[in-house]
Amino acid sequence: MTSSPHSSTQEARQALGRRLSEVRKDAGLTARALAALTGWHESKVSKIEHGRQPPSDPDIRAWTLHCGTPDQAADLIAVARGIEGAYVEWRRMERSGLRHAQESVLPLWERTRRFRIYSPWLIPGPVQTAAYIRAVLTAIRDRRGLADDLEDAVRVRLDKQERALHGLGARRFAVLLEESTLRYRIGDTATMAGQLGHLLAVASLASVSLGIIPERTDRSSLWPAEGFFLFDDEVVNVELISAHLTITQPHEIGMYAGVFADLADLAVYGADARSLITSAITALG
């Protein structure tokens, strides 16, 4: 199974801490001596070096200044900012509205050629209808008390989807859904019926592989996991309750790729997948 969703960020903080520790030791300073020079409590140096406390930009500037390596500050600050960017709380990501949150991932989508998507709860973004998108984003807006730029956000997501599925450049989508995803009611009956019908149509595209894991599948060896997007072999995105997580550690990306392959082995495709979708449509009444 996958590791803790925070482990990638923590490992990166520890690696930065080790680098800062080397800078200090190369300068011939003890942790106590550096703390005295900077006016910090000695425990702060230890916390930063062990990855328990992320250093701020001023912390890094002071660290490198007193270690005689101010020329390293810019590089170390860039590393630290990249680490903190891996775990972004929704309230920070969406503080400028839903449209900004949708636009923030556009560069990653545009350079990706192979998408692997596993969703245990929702029909995922690339294959959503406008009505389904509107229902999902309305719930997010209301639950988090965000500014009302809903229609702008819907348009951005639809444009992103259109360019990914039908734009220039060959892109492949492997989408895995739990069967329960087809039955979770998002929006009204008409919204769900339209979304499930659209799923049938999208599954016929040559660029899309749609697999559905039946509810009755034996899950003894691999139970449902958190939903995730795997962009080529470069990045994994995971949506947590509180934050948006970006995973870039190669060994963790490999773990997600392995779990995706194992989940894919549990799924049904083609006529069997279409049968599950039509059954969900019928159940709408």
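Just above, that's the structure.
Below: a short report on this structure. (Residues numbered from 1 in each chain as written. Predicted model: local features only at pLDDT ≥ 70, side-chain atom pairs only at ≥ 80, totals over all residues. Heavy atoms only, no water.)

### Remarks on the overall build of the protein
Part 1: On a plain count of helices and strands, the protein comes out with 13 helices and seven strands.
Part 2: For the protein, the spread of C-alpha atoms along the principal axes amounts to about 75 × 45 × 35 Å.
Part 3: Every one of the 285 residues in the protein was classed for burial, and the buried ones make up 47%.
Part 4: Here the contacts in the protein between residues at least 6 apart in sequence split such that 74% fall between residues at least 24 apart.
Part 5: Of the roughly 14,000 Å² of accessible surface on the protein, 53% is carried by carbon and sulfur atoms.
Part 6: Positive and negative side-chain charges of the protein, numbering 34 and 35 respectively, have mean locations separated by a distance of 2 Å. (Helix = DSSP H or I, 4+ residues; strand = E, 2+ residues; numbered from the N terminus. Buried < 20%, exposed > 50% of the residue type's maximum accessible area, 1.4 Å probe, protein only. Contact = heavy atoms within 4.5 Å. Areas by Shrake-Rupley, 256 points an atom, 1.4 Å probe, with all protein chains shown as cover. Lys, Arg positive; Asp, Glu negative; His and termini not counted. Charge placed at Lys NZ, Arg CZ, Asp CG, Glu CD.)

### Some points on a nonpolar patch on the surface
Part 1: Residues Trp121, Leu122 and Tyr184 make up a contiguous nonpolar surface patch of roughly 300 Å² in combined accessible area.
Part 2: Here Leu122 falls in the partly exposed class, since its relative accessible area comes to 30%. (Patch = residues over 30% accessible without salt bridge, like charges linked within 9 Å, V, L, I, M, F, W, Y side chains within 5 Å. Salt bridge = Lys/Arg side-chain N within 4 Å of Asp/Glu carboxyl O.)

### Some words on the side chain of Asn237
Part 1: Tracing the backbone through its elements, the reader meets Asn237 in strand β6 (residues 235-239).
Part 2: Accessibility expressed as a relative area gives 8% for Asn237, which makes it buried.
Part 3: Once you skip the residues sitting within four places of it in the chain, Asn237 turns out to touch Leu108, Gly227, Phe228, Phe229, Phe231, His244, Leu245 and Thr246.

### What to know about the nonpolar core
Part 1: Core analysis: the biggest nonpolar cluster contains 40 residues, and Leu137, Phe173, Leu182 and Leu199 have the highest contact counts within it.
Part 2: Apart from residues no more than four positions distant in its own chain, Leu182 is found in contact with Ile123, Leu177, Met192, Leu196, Leu199, Ile212, Leu276, Ile277 and Ala280. (Core = buried A, V, L, I, M, F, W, Y, C linked by side-chain atoms within 4.5 Å.)

### Some thoughts on the sheet that holds strand β4 (residues 208-213)
Part 1: Spatially, β1-β7-β6-β5-β2-β3-β4 is the arrangement adopted by the seven strands of the open sheet, whose pairing is mixed. Sheet topology places β1 (87-89) and β4 at the edges, where each strand pairs with a single neighbour. Averaged over all pairs of adjacent strands, the angle between strand axes in this sheet comes to 15°, irrespective of strand direction.
Part 2: Pairing between strand β2 (residues 114-119) and strand β3 (residues 172-178): six bridges, direction parallel. Looking across to β3, one finds that Tyr118 is bridged to Leu176. (Pairing = 2+ DSSP bridges. Axes fitted to C-alpha atoms, helices over the stretch in contact; angles between N-to-C directions.)

### Thoughts on the environment of His41
Part 1: Relative to the helices and strands, His41 is located in the loop between α2 (31-38) and α3 (42-49).
Part 2: For His41, a relative accessible area of 60% corresponds to the exposed category.
Part 3: Along the chain, His41 and Tyr118 lie 77 residues apart, while their C-alpha atoms are 46 Å from each other.
Part 4: A polar side-chain atom of His41 sits 2.9 Å from a polar atom in the side chain of Ser43. (Polar contact = N/O pair within 3.5 Å; in protein donor to acceptor, adjacent residues only side chain to side chain.)

### A look at helix α4 (residues 57-66)
Part 1: Residues of α4 that are buried: Asp57, Asp59, Ile60, Trp63 and Thr64. Seen from one end, α4 has its buried residues packed into an arc of 160°, which puts them on one side. Exposed and facing more than 90 degrees away from the buried side of α4 are Pro58 and Leu65.
Part 2: Two residues or fewer after α4 comes Gly68, characterised by a positive phi angle close to 75°. (Arc of directions from axis to C-beta.)

### What about the pairing of β3?
Part 1: With five of its seven residues buried, β3 lies for the most part within the structure.
Part 2: In terms of strand pairing, β3 meets β4 through six bridges, oriented parallel. By the bridge assignment for β4, Leu177 is matched with Ile212.

### So, the layout of surface pockets
Part 1: The volume enclosed by the largest pocket comes to roughly 940 Å³.
Part 2: Lining the largest pocket are 37 residues, and of these Trp90, Leu122, Ile140, Arg157 and Glu239 sit closest to its centre.
Part 3: Contributions of two or more residues to the lining of the largest pocket are made by α6 (90-93), α7 (98-103), β2, α9 (130-144), α10 (150-166), β5 (228-231) and β6.
Part 4: A per-class count over the lining of the largest pocket returns 24 nonpolar, seven polar and six charged.
Part 5: Lining the second largest pocket are 13 residues, with Met93, Ser104, Val105, His244 and Thr246 positioned closest to its centre.
Part 6: Listing elements by their share of the lining of the second largest pocket, those giving two or more residues are α8 (106-111), β6 and β7 (243-247).
Part 7: With three residues, the top contributor of residues to the lining of the second largest pocket is α8.
Part 8: Among the residues forming the lining of the second largest pocket, the class breakdown is six nonpolar, six polar and one charged. (1 Å grid on protein atoms, 1.4 Å probe; cavity = no way out; pocket = protein on both sides within 12 Å on 5 of 7 lines; lining within 4 Å. Points joined across faces, edges and corners; volume = space filled by probe spheres on them. Nonpolar A, V, L, I, M, F, W, Y, C, P; charged D, E, K, R; others polar.)

### With respect to α10
Part 1: Taking 1.5 Å of rise per residue, the 17 residues of α10 would be expected to cover 24 Å, and the 24 Å separating its terminal C-alpha atoms lies within 8% of that figure.
Part 2: Looking at the buried positions of α10, the neighbouring elements they touch are α7, α8, α9, β3 and β4. (Expected span 1.5 Å × (residues − 1).)

### Some remarks on the pattern of salt bridges
Part 1: Taken as a whole and judged by the stated rule, the model has 17 salt bridges.
Part 2: Salt-bridge contacts for Arg24 lead to Glu49; the nearest nitrogen and oxygen are separated by 2.6 Å. Of the two residues, Arg24 is situated in helix α1 (residues 7-26) and Glu49 in helix α3; the sequence distance between them amounts to 25 residues. The pair Arg24 / Glu49 is uniform in exposure class, with both members buried.
Part 3: Measuring nitrogen to oxygen at the nearest pair gives 3.8 Å for the salt bridge that ties Arg183 to Glu179.
Part 4: Look at Glu179 and you get buried, because its relative accessible area is 9%.
Part 5: Among the ionic contacts, a cluster of salt bridges with common partners joins Glu110, Asp159 and Arg163.

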